[in-house]
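Now for the letters of each chain:
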Amino acid sequence: MEHKTLSEAVWEDEGFIGYKVGAGFYRVSRDAMFGVYPEFAASSNTDENRFAEFSAPAVGLGTVVRPGASVYAGTIIGKYCFIGDSALVRERVVLGDNVIIGAGAIVENGVVLGDNTKVMTGAYLCAGTQIGENCFVGPRAVTLNDKFMGDPAVPDKVRREHRAAPVIESGVLIGGNSTILPGVHIAPGVKMGAATIV
């Protein structure tokens, strides 16, 4: 994948329309938060790399980031992606080419999405989730990685050691309002109906 970072803003008669990148172009709405540096709560379960330096997001040509979306530093976005209104894409996320992140969806840190994968409105992908190519994640579907559900009686170190994000192979279709539990591995081509729990 060829990625470039932000360069010059482009304005036309109707106002700001995006950023020019080399000979190509992608659009980041002026109301989007782009290159946000992550901050963490003192009790965050984020791994020890949380204090690492993060580069500006790298973005492939033809990508669109809609108003209200937040894309954190250290993210790599492929070509012709679409990040919907008010979506959140955290640090160290890698999006392949032609990925769609629907309005209001949350993609936590360290998630990897393969080419042509679609994450619909309001879905939540927990930190570390791995999803292959040509997948569909329905509206309000959720992945989980914390086997202790944030139990304050379990030390953060133990929670980090036992954290296990789901792995979803290529060609998987996940119906809306489904829940993928910690550590689950879904084989290629599986089709899950709405409100499935695995």
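Now for a look at the structure at hand. (Residues numbered from 1 in each chain as written. Predicted model: local features only at pLDDT ≥ 70, side-chain atom pairs only at ≥ 80, totals over all residues. Heavy atoms only, no water.)

Concerning the nonpolar core
Generally speaking, nonpolar side chains in soluble globular proteins are found buried as a group.
1) Next: Ile-83, Leu-95, Ile-101 and Leu-113 are the most contacted members of the largest nonpolar core, which totals 34 residues.
2) Next: Discounting chain neighbours no more than four positions away, the residues touching Ile-83 are Val-64, Val-65, Arg-66, Ala-69, Val-71, Ile-77, Val-89, Leu-95 and Ile-101. (Core = buried A, V, L, I, M, F, W, Y, C linked by side-chain atoms within 4.5 Å. Buried < 20%, exposed > 50% of the residue type's maximum accessible area, 1.4 Å probe, protein only. Contact = heavy atoms within 4.5 Å.)

Topic: a nonpolar patch on the surface
1) Next: Taken together, Leu-144, Leu-181 and Ile-197 make up a surface patch of nonpolar side chains, about 250 Å² in accessible area.
2) Next: Along the chain, Leu-181 turns up in the loop between β22 (179–180) and β23 (185–186).
3) Next: The partly exposed category is assigned to Leu-181, whose relative accessible area is 35%. (Patch = residues over 30% accessible without salt bridge, like charges linked within 9 Å, V, L, I, M, F, W, Y side chains within 5 Å. Areas by Shrake-Rupley, 256 points an atom, 1.4 Å probe, with all protein chains shown as cover. Salt bridge = Lys/Arg side-chain N within 4 Å of Asp/Glu carboxyl O. Helix = DSSP H or I, 4+ residues; strand = E, 2+ residues; numbered from the N terminus.)

Comments concerning the environment of Val-111
1) Next: Of note, Val-111 is situated in the loop between β13 (106–107) and β14 (112–113).
2) Next: Separated by 19 residues in sequence, Val-111 and Gln-130 place their C-alpha atoms 5.8 Å apart.
3) Next: Ignoring anything within four residues of it in the chain, the contact list for Val-111 reads Arg-92, Val-93, Val-94, Leu-125, Cys-126, Ala-127, Gly-128 and Thr-129.

Side note on the side chain of Asp-146
1) Next: Following the sequence through the fold, Asp-146 ends up in the loop between β19 (142–143) and α1 (156–162).
2) Next: Overall, Asp-146 belongs to the buried group, its relative accessible area being 15%.
3) Next: Reaching out from Asp-146, the side chain makes a polar contact with the backbone nitrogen of Phe-148 at a distance of 2.9 Å. (Polar contact = N/O pair within 3.5 Å; in protein donor to acceptor, adjacent residues only side chain to side chain.)

Some details on the side chain of Thr-63
1) Next: Its place among the elements puts Thr-63 in the loop between β5 (58–59) and β6 (64–65).
2) Next: A distance of 2.8 Å separates a polar atom in the side chain of Thr-63 from the backbone oxygen of Gly-78.

Looking at the sheet that holds β5
Adjacent strands of a sheet form backbone hydrogen bonds with each other and so pair up, either parallel or antiparallel.
1) Next: Spatially, 7 strands are ordered β5-β8-β11-β14-β17-β20-β23 in an open sheet, and the strand pairing comes out parallel. Bordering the open sheet on either side are β5 and β23, each of which pairs with just one other strand.
2) Next: One ladder, built from 2 bridges, connects strand β17 (residues 130–131) with strand β20 (residues 167–168); its direction is parallel. If you follow Gln-130 over to β20, its bridge partner there is Val-167. (Pairing = 2+ DSSP bridges.)

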